[in-house]
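# Close look at the chain arrangement
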Amino acid sequence: QTDTLKTTTENKPLPIKIDKKWYDNIGIRGYTQVRYNRLLETNENLGCEQCDRSWGKDGGFFLRRMRVILYGQISKQVYFYIQPDLASSASSERLHFAQLRDAYFDIGLDKDNEYRIRIGQSKIPYGFENMQSSQNRIPLDRNDALNSAVANERDLGVFFYWAPKKYRELFSELVKSGLKGSGDYGIVGFGAFNGQAANNPEANNDPHVVARVTYPFKVKNQIIEAGIQGYTGQYVLSKANLSTGVLNANEDLNYLDQRIAASFILYPKPFGFQTEYNIGKGPEFNPTTSTIENSSLEGGYAQIMYKLDFKEQTLIPFTRYQYYDGGKKHERDARSYKVNDLEIGLEWQPLKNFELVANYTISKRRYEDFLKPVNLQEGNLLRLQAQLNF
Amino acid sequence: QTDTLKTTTENKPLPIKIDKKWYDNIGIRGYTQVRYNRLLETNENLGCEQCDRSWGKDGGFFLRRMRVILYGQISKQVYFYIQPDLASSASSERLHFAQLRDAYFDIGLDKDNEYRIRIGQSKIPYGFENMQSSQNRIPLDRNDALNSAVANERDLGVFFYWAPKKYRELFSELVKSGLKGSGDYGIVGFGAFNGQAANNPEANNDPHVVARVTYPFKVKNQIIEAGIQGYTGQYVLSKANLSTGVLNANEDLNYLDQRIAASFILYPKPFGFQTEYNIGKGPEFNPTTSTIENSSLEGGYAQIMYKLDFKEQTLIPFTRYQYYDGGKKHERDARSYKVNDLEIGLEWQPLKNFELVANYTISKRRYEDFLKPVNLQEGNLLRLQAQLNF
Amino acid sequence: QTDTLKTTTENKPLPIKIDKKWYDNIGIRGYTQVRYNRLLETNENLGCEQCDRSWGKDGGFFLRRMRVILYGQISKQVYFYIQPDLASSASSERLHFAQLRDAYFDIGLDKDNEYRIRIGQSKIPYGFENMQSSQNRIPLDRNDALNSAVANERDLGVFFYWAPKKYRELFSELVKSGLKGSGDYGIVGFGAFNGQAANNPEANNDPHVVARVTYPFKVKNQIIEAGIQGYTGQYVLSKANLSTGVLNANEDLNYLDQRIAASFILYPKPFGFQTEYNIGKGPEFNPTTSTIENSSLEGGYAQIMYKLDFKEQTLIPFTRYQYYDGGKKHERDARSYKVNDLEIGLEWQPLKNFELVANYTISKRRYEDFLKPVNLQEGNLLRLQAQLNF
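A few points on the structure.

What counts, and where the lines are drawn
- Residues numbered from 1 in each chain as written.
- Chains lettered and ligands numbered in written order.
- Predicted model: local features only at pLDDT ≥ 70, side-chain atom pairs only at ≥ 80, totals over all residues.
- Heavy atoms only, no water.
- Helix = DSSP H or I, 4+ residues; strand = E, 2+ residues; numbered from the N terminus.
- Rg over C-alpha atoms; globule rule 2.2 N^0.38 Å.
- Buried < 20%, exposed > 50% of the residue type's maximum accessible area, 1.4 Å probe, protein only.
- Contact = heavy atoms within 4.5 Å.
- Areas by Shrake-Rupley, 256 points an atom, 1.4 Å probe, with all protein chains shown as cover.
- Lys, Arg positive; Asp, Glu negative; His and termini not counted.
- Charge placed at Lys NZ, Arg CZ, Asp CG, Glu CD.
- Core = buried A, V, L, I, M, F, W, Y, C linked by side-chain atoms within 4.5 Å.
- Least-squares fit on C-alpha atoms with pLDDT ≥ 70 in both.
- Buried area = accessible area lost by both parts, 1.4 Å probe.
- Salt bridge = Lys/Arg side-chain N within 4 Å of Asp/Glu carboxyl O.
- Nonpolar A, V, L, I, M, F, W, Y, C, P; charged D, E, K, R; others polar.
- Expected span 1.5 Å × (residues − 1).
- Arc of directions from axis to C-beta.
- Phe/Tyr/Trp six-rings, centres within 6.5 Å; stacked < 30°, edge-to-face > 60°.
- Disulfide = S-S within 2.5 Å.
- Pairing = 2+ DSSP bridges.
- Patch = residues over 30% accessible without salt bridge, like charges linked within 9 Å, V, L, I, M, F, W, Y side chains within 5 Å.
- Polar contact = N/O pair within 3.5 Å; in protein donor to acceptor, adjacent residues only side chain to side chain.

Let us look at the overall build of chain A. The number of helices and strands found in chain A is four helices and 20 strands. Here the C-alpha atoms of chain A give a radius of gyration of 23 Å, agreeing with the 21 Å that 2.2 N^0.38 yields for 390 residues. Dimensions of chain A, computed from the C-alpha atoms along their principal axes, are close to 90 × 50 × 45 Å. Buried residues in chain A amount to 59% of all 390 residues. Residue pairs at least 24 apart in sequence account for 61% of intrachain contacts in chain A once pairs closer than 6 positions are excluded. In the structure as shown, chain A presents an accessible area of about 15,300 Å², 56% of it carried by carbon and sulfur atoms. Averaging the coordinates of the 49 positive side-chain charges in chain A and doing the same for the 46 negative ones gives two points 5 Å apart.

Ranked by size, the top nonpolar core spans 81 residues in total, and within it Met66 and Phe390 of chain A, Met66 and Phe390 of chain B together with Met66 and Phe390 of chain C carry the most contacts. When residues no more than four places from it in sequence are discounted, the contact partners of Phe390 of chain B are Ile26, Leu70, Ile74, Phe80 and Ile82 of chain A together with Arg29, Gly30, Tyr31, Thr32, Met66, Arg67 and Val68 of chain B.

Glancing now at the relation of the copies chain B and chain A. Superposing chain B onto chain A takes a rotation of 120 degrees combined with a translation of 0.0 Å along the rotation axis, leaving an RMSD of 0.0 Å. Such a combination of turn and shift is consistent with a three-fold rotation axis. Residues of chain B ranked by C-alpha distance from the rotation axis are headed by Ala98 of chain B, positioned 3.2 Å from it.

What follows concerns the interface of chain C and chain B. Size of an interface: often given as the accessible area lost when the parts come together. The interface is formed by 42 residues belonging to chain C together with 45 residues belonging to chain B. Note on chain C versus chain B: buried area summed over both sides is about 3,500 Å², and carbon and sulfur give 70% of it. The interface formed by chain C and chain B holds zero salt bridges in total. Those elements giving two or more residues to the side of chain C that touches chain B turn out to be helix H1 (22-25), strand E3 (27-39), strand E4 (62-75), strand E6 (97-108) and strand E20 (376-389) of chain C. Ranked by residues supplied to the side of chain C that touches chain B, first place goes to E3 of chain C with five residues. Here the residues of the side of chain C that touches chain B are counted per class, giving 25 nonpolar, 10 polar and seven charged.

It is worth spelling out helix H4 (residues 165-176) of chain C at this point. All names here are of chain C. Counted at 1.5 Å a residue, the expected span for H4 with its 12 residues is 16 Å, and the 17 Å between its end C-alpha atoms agrees. Within the span of H4, buried status applies to Tyr167, Leu170, Phe171 and Leu174. Buried residues along H4 cover an arc of 100 degrees about the axis, so they all sit on one side. Seen from the buried face of H4, the exposed residues on the opposite side, beyond 90 degrees, are Lys166 and Lys176.

Residues and elements named next belong to chain C. Looking at the secondary structure, you find Pro164 in the loop between strand E8 (154-162) and H4. For the pair Pro164 and Gly186, spaced 22 residues apart in the sequence, the C-alpha separation amounts to 8.5 Å. Non-local contacts of Pro164, meaning those with residues more than four positions away in its chain, are made with Glu114 and Ile187.

Taken as a whole, this structure holds 57 aromatic pairs over all chains when the rule is applied. On the numbers, 5.7 Å between centres and 20 degrees between planes, the contact of Tyr215 of chain A with Phe217 of chain A is stacked. Judged by relative accessible area, which is 38%, Tyr215 of chain A ranks as partly exposed. With a relative accessible area of 29%, Phe217 of chain A lands in the partly exposed category. Taken together, the ring pairs in this structure connect Trp22 and Tyr23 of chain A, Trp22 and Tyr23 of chain B together with Trp22 and Tyr23 of chain C into an aromatic cluster.

A word on the interface of chain B and chain A. Opposite the 42 residues of chain B that make contact, chain A presents 45 residues. Between chain B and chain A the total buried area reaches about 3,500 Å² when both faces are included, carbon and sulfur atoms providing 71% of it. For the interface between chain B and chain A, the tally reads zero salt bridges. Secondary-structure elements contributing two or more residues to the side of chain B that touches chain A are helix H1 (22-25), strand E3 (27-39), strand E4 (62-75), strand E6 (97-108) and strand E20 (376-389) of chain B. Here the side of chain B that touches chain A gets five residues from one element, more than from any other, and that element is E3 of chain B. For the side of chain B that touches chain A, the class distribution of residues is 25 nonpolar, 10 polar and seven charged.

On to helix H4 (residues 165-176) of chain B, then. Its buried side turned inward, H4 of chain B meets strand E10 (208-219) and strand E11 (222-236) of chain B. Just beyond H4 of chain B, the residue with positive phi is Gly178 of chain B, at close to 85 degrees.

What follows covers the state of the cysteines. Residue and element names in this part refer to chain B. Tallied over the full model, the rule gives three disulfides over all chains. Two residues, Cys48 and Cys51, share a disulfide whose sulfurs are 2.0 Å apart. Taking the torsion about the S-S bond as the criterion, the Cys48 to Cys51 disulfide, at about 60 degrees, is right-handed. Residue class for Cys51 comes out buried when judged on its relative accessible area of 6%.

Moving on, we come to the pairing of strand E4 (residues 62-75) of chain A. Residue and element names in this part refer to chain A. Most of E4 is tucked away: 12 of the 14 residues are buried. In terms of strand pairing, strand E3 (residues 27-39) meets E4 through nine bridges, oriented antiparallel. When the sheet's bridge partners are listed, Arg29 is paired in E4 with Ile69. In the sheet, E4 pairs with strand E5 (residues 78-88) via six bridges, with the strands oriented antiparallel. For Gln73, the partnering residue across the bridge sits in E5 and is Tyr79.

Further remarks concern a nonpolar patch on the surface. Residues and elements named next belong to chain A. A cluster of nonpolar residues, Phe271, Ile304, Tyr306, Leu308, Phe310, Leu346, Trp348 and Leu356, forms a patch on the protein surface that exposes about 640 Å² of accessible area. For the nonpolar patch, the secondary structure elements donating two or more residues are strand E15 (291-306), strand E16 (308-310) and strand E18 (336-351). Structurally, Tyr306 can be placed in strand E15.

Here we take up the side chain of Glu347 of chain A. All names here are of chain A. With respect to the helices and strands, the residue Glu347 is situated in strand E18. A distance of 2.8 Å separates a polar atom in the side chain of Glu347 from a polar atom in the side chain of Gln349. Apart from the residues within four sequence positions on either side, Glu347 is in contact with Arg137, Ile138, Lys180, Thr314, Leu315, Ile316, Phe318, Glu355, Leu356 and Val357.

See below:
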């Protein structure tokens, strides 16, 4: 199993044979995000569970993500992708354990893998920002509106993706070129999955189903992508997440969980614009009756950014406004939310493998559960993040 | 630390020096198993804790194993093998954490490493199917009878293995050639280990001891392997696994735990036959008295399979019958079992790194503990597994 | 992305272009420690929580560390280091999960990275033995006196390190040559960190701060290093670690936590001497009043060792005496300690990647909390460790 480099004393081309080694088939890469959220803080009671747990009172330095990715096109039609996060909590007091995010493999149905079956735990094709890696996203956290659909964006199931070769190359190029693409989840994608979100066991007999169509295209020098997507299923509230005293509407804790979303992206060449919106239904805590009801939800965001390359550095100033009105099924008592946040920030890549983000957040968040049935928090804070890419 | 490739303008052989790099000493490989057990299900109350937790009611897509292996012969007499499973549970509701299966190193006592000391967490040499990797096993799960000896097949200890060079090569070939070998646990192996199974702390002052002899030999075109093995020790029931109300026979929860097993394998060239049987003693819940007693146990299995290679694909139809009557010390209240299962299935390798297994199971299982003192479940189900090898 | 090795039929030097691959930037290494502590044991009630949990009654084979390190100088000024331990506990009964130790990156501020900013979870620059890797340390465990400052030696924060190039090379050489150096934490280092120790969330609004100066220098054939260091902050006791019944002095569980230490090392060429001592203040359980008070603490150790190289083996006999009088803030009720331990041992490296340590410990330890308010244990034991380096 060693490279063989043979030569002769005659003037002939060297016959060279290099066996494929494991490291030619399998690659390792990853990224790390370290944060500090306490500068210019005006309200220490303002929190954002979906963002990170180090906002406000008693927060400090925080390791938001520590990802290591093992991946490879190990044969013509077989690709795999395994991504543990090494900053996961085994419980609220035991941090930084390794827990899976992705663990899937793609089986190509044709030579160019234009038709693929994806098996395992992977991102649910719902929303552009959800698909986009946190390594590439400009704001520090995903928007509440679409990200509340699937905690950690992932679930276990079987999916089908289709994209012609030239679109697969475009999806790939949109990431590599620094344009902050979503990666390749097909022009058309659909699938079935457990529906309880990544790393949770299925809790009923019915899988969720999802479908998505997205279409990137070039207009002169610009690249535009537009997409629609939707999913439906029965979500089962976790008993461990229910406060004693909640009066449950549904005896078996099953709630209708369905959403539809539209996405529009103008990639930053150099000016970019991005917006998504979704509407749907899901469980939501009702503070006046102390029950959890099936309620309507809606929300989205709009973001503008400008990509400035100079020397070997990149600067991306951006601003994002987001809105969400609805429940969050993954949180305590399907917590009721109303969010109005404005963010103004800057991503700076001073060195090849290193990024800094400063994000000034003007936030107004109502989030209410049985323990805190009246809870409107307003405040501003400066958020900082250092990111390493390896 | 860079490769040096030197050349001259003269017609001399190239002097080439390639330093050993980390990736020449250390390799990475692994495999993933994704399952779905709900098709053709006739009894949603039929479960199999030792198989996987996604049988029956509320089951869905399931990640059974997600293994990454780091290994290498790092010097002439030193080999190491580290295998975390990334689909382990930190608790019943927190899935997909990384937890060790193997973490051992072999110190060779001679040039050819025919005599080896193994130190660390590794498989206990008890049973052929237990030694065989799940990556290679044809049925979806190990048989209850022998696998109930050691949960996860592993423990922490010190072992000695001996096999002459040509048998070491044979053990290796039996895996590489797709004949579903067990790997090399020596012709003769013995050792001492904690006895509480992998990833559990020792709970008394006495180690378990184990010994095994196995002998593979060729008869014309066929390869046959026959082995015997046994272990003995004191197993301590886990308090966390005891239902309140159980009347314990043993005050300190120590129970005699000893077994002896015989194995016979005719490797599939192309027709294969495999059988194992074990008898012994161990703790077992007695539903009539609500006590846990030291009881006799016995059971085994017989399996036939046929290996069909065509083009670059492989098909292996198989059937297995298994029987077990005894307690399972690792489960709640040392649960009492009586198992009669018939499986008919097919392993298909359509692509180099990808396998599919369909396993129709006709099952009759009595499994009783303090919470369910009368519990006989019968039913059929079709089990599906997609496996990736990388 | 493949190596290109081109040649011509003419007598010209080969034009060779080798692209940088992921494995040229990223390396993997690690080590494993397996222990057994029960030989020649005279008191089965003598334990040492900070050492390992397999001392005394019900102890057995024990996997103390299973480290895998991913690291690399990925660009001129960016270095990263990620080290999970695969033998971490998710709870007392669930062993061998992967949990981070280190996860940091260094950003060099100049060409030679003499000035570096370190971001992430890393060792707090307090104490020589704390900085020294367990892979290199001669005694089996760190001394109680300085190691009780920071559990697992690490925390999350931002640090600055400075060392001129030739000292960076010296720090590196002291490790590579087998002289058991500490690695490069600068001649001068300082930083801010959460203060609740690695893998614990911050629990108040104030970071800890630390500063350290260390200076290695050559005197004839000998190498000497001398250092001083100190830190201060408010430590918050963990509620989960408090016994019901403890009368707390401080309502918010915040306690002053500050220490200063001196270090002196004569590297073993071949005779070595090493000593460290620290004094400070921290929370400590008072058994007479059942309260936790801010108390003085002090202690240190002195160690002599002799490095004997012969053929390709190394033998290092050593002895260490250690003393500590004070509380341990990370343990139950800020347990009160008085430690007098003498160790006599031998490290033997019979093969390139393999080490054995035998450590005879004569121990006198008083350790008292609310559950055991009177607890003085004396005893001797022989401790064995097998270590693999890969």
